[in-house]
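Residue-level structural notes
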Amino acid sequence: MSGNSQHTEQANVATVEEYLRGCVGFEVSDNAIAAILIDRDVKPGTDVTTLDKRTKDLCKADLYMWCASTPSVTGSVEDSDGEWKHKEGGTQSSAYDKRNLRQMANEIYKKYGENAVQSSIKMNCMGMKLWRRKY
């Protein structure tokens, strides 16, 4: 056996898609990641170590917003036979989870000067005045 190994660094390289999937605990579709990459002008399969921090962070913020906009409960399949039960698929996220995802995304957007989605509506109760009808 020769002393020269054919070891390459390619085996340890993470693509941007793998990186984004690792950022959240949700099942993320290929179409969702493709849309995020297209919006950020990132080519699919790009080595994540070649991306600058700003691009990685903004892709992650977009992913957080995508996760926050998904349905709270996704379908699952459950089988049972007597005492035996098996369930596969299905996720559930709370309003609290979604609020946290939006907040994390907005912090990243704000950091890089992108328009963060925030509510600007403020309500002040000024009482109620009744007007008499004039005939």
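Residues numbered from 1 in each chain as written. Predicted model: local features only at pLDDT ≥ 70, side-chain atom pairs only at ≥ 80, totals over all residues. Heavy atoms only, no water.

**Structural notes on the packing of aromatic side chains**
Condition: Pairing of aromatic rings covers Phe, Tyr and the six-membered ring of Trp, with a centre-to-centre limit of 6.5 Å; geometry is then stacked below 30 degrees between planes, edge-to-face above 60, and tilted otherwise. A ring is scored as having a charge over it whenever the NZ atom of a lysine or the CZ atom of an arginine sits within 6 Å of its centre and within 35 degrees of its normal.
A complete count under the given rule lists 0 aromatic pairs for this structure. The aromatic ring of tyrosine 19 is capped on one face by lysine 56, whose charged end is 5.9 Å from the ring centroid.

**Details of the nonpolar core**
Rules: Only buried Ala, Val, Leu, Ile, Met, Phe, Trp, Tyr and Cys residues count toward a nonpolar core, and they belong to the same one when joined by side-chain atoms within 4.5 Å. Note on classification: 1.4 Å probe, protein chains only; a residue is buried when its accessible area is under 20% of the maximum for its type, exposed when over 50%, partly exposed between these limits. The numbering of helices and of strands both runs from the N terminus, where a helix is a DSSP run of H or I of at least 4 residues and a strand a run of E of at least 2. Any two residues whose heavy atoms approach within 4.5 Å are treated as being in contact.
Membership of the largest hydrophobic core comes to 23 residues, with the highest contact counts inside it found for Leu20, Leu37 and Leu63. Contributing elements (two or more residues each) for this core: α1 (16–23), α2 (30–39), α3 (53–69) and α4 (95–111). It is α3 that contributes the most residues to this core, 8 residues altogether. Not counting chain neighbours up to four residues away, the residues in contact with leucine 37 comprise Val16, Glu17, Leu20, Val42, Pro44 and Cys59.

**Brief notes about the confidence of the model for the protein**
The line we're drawing: What pLDDT conveys is the predictor's confidence in a given residue, as a value from 0 to 100.
Chain-level statistics for the protein give a pLDDT mean of 79 and a share of 67% at 70 or above. The weakest mean pLDDT in the protein belongs to strand β2 (residues 84–89) at 64; the strongest belongs to α2 at 95. Below pLDDT 50 for its whole length, residues 5–9 participates in 0 contacts with residues either more than four positions away or in separate chains.

**With respect to the environment of alanine 105**
Here alanine 105 shows up in helix α4. If sequence neighbours within four positions are ignored, alanine 105 has contacts with Ala61, Tyr64 and Met65.

**Overview of the side chain of aspartate 62**
Within the element layout of this structure, aspartate 62 appears in helix α3. Residue aspartate 62 is classed as buried on the basis of its relative accessible area, which comes to 13%. Contacts of aspartate 62, omitting those with residues within four sequence positions, involve Ile36, Arg40 and Tyr109.

**Brief notes about unusual backbone geometry**
Positioned with a positive phi, aspartate 41 is a non-glycine residue whose angle comes to about 55 degrees. Along the chain, aspartate 41 falls in the loop between α2 and α3.

**A closer look at α2**
Inclusion rule: By construction, the arc corresponds to the directions joining the helix axis to the C-beta atoms.
Listing the buried residues of α2 in full gives Ala32, Ile33, Ile36 and Leu37. Around the axis of α2, the buried residues are gathered within 130 degrees of arc, so they sit on the same side. In α2, the exposed residues that point more than 90 degrees away from the buried face are Asp30, Asn31, Ile38 and Asp39. Those residues of α2 that are buried are in contact with α1 and α3. Directly beyond the C-terminal end of α2, a positive phi value near 55 degrees is found at aspartate 41.

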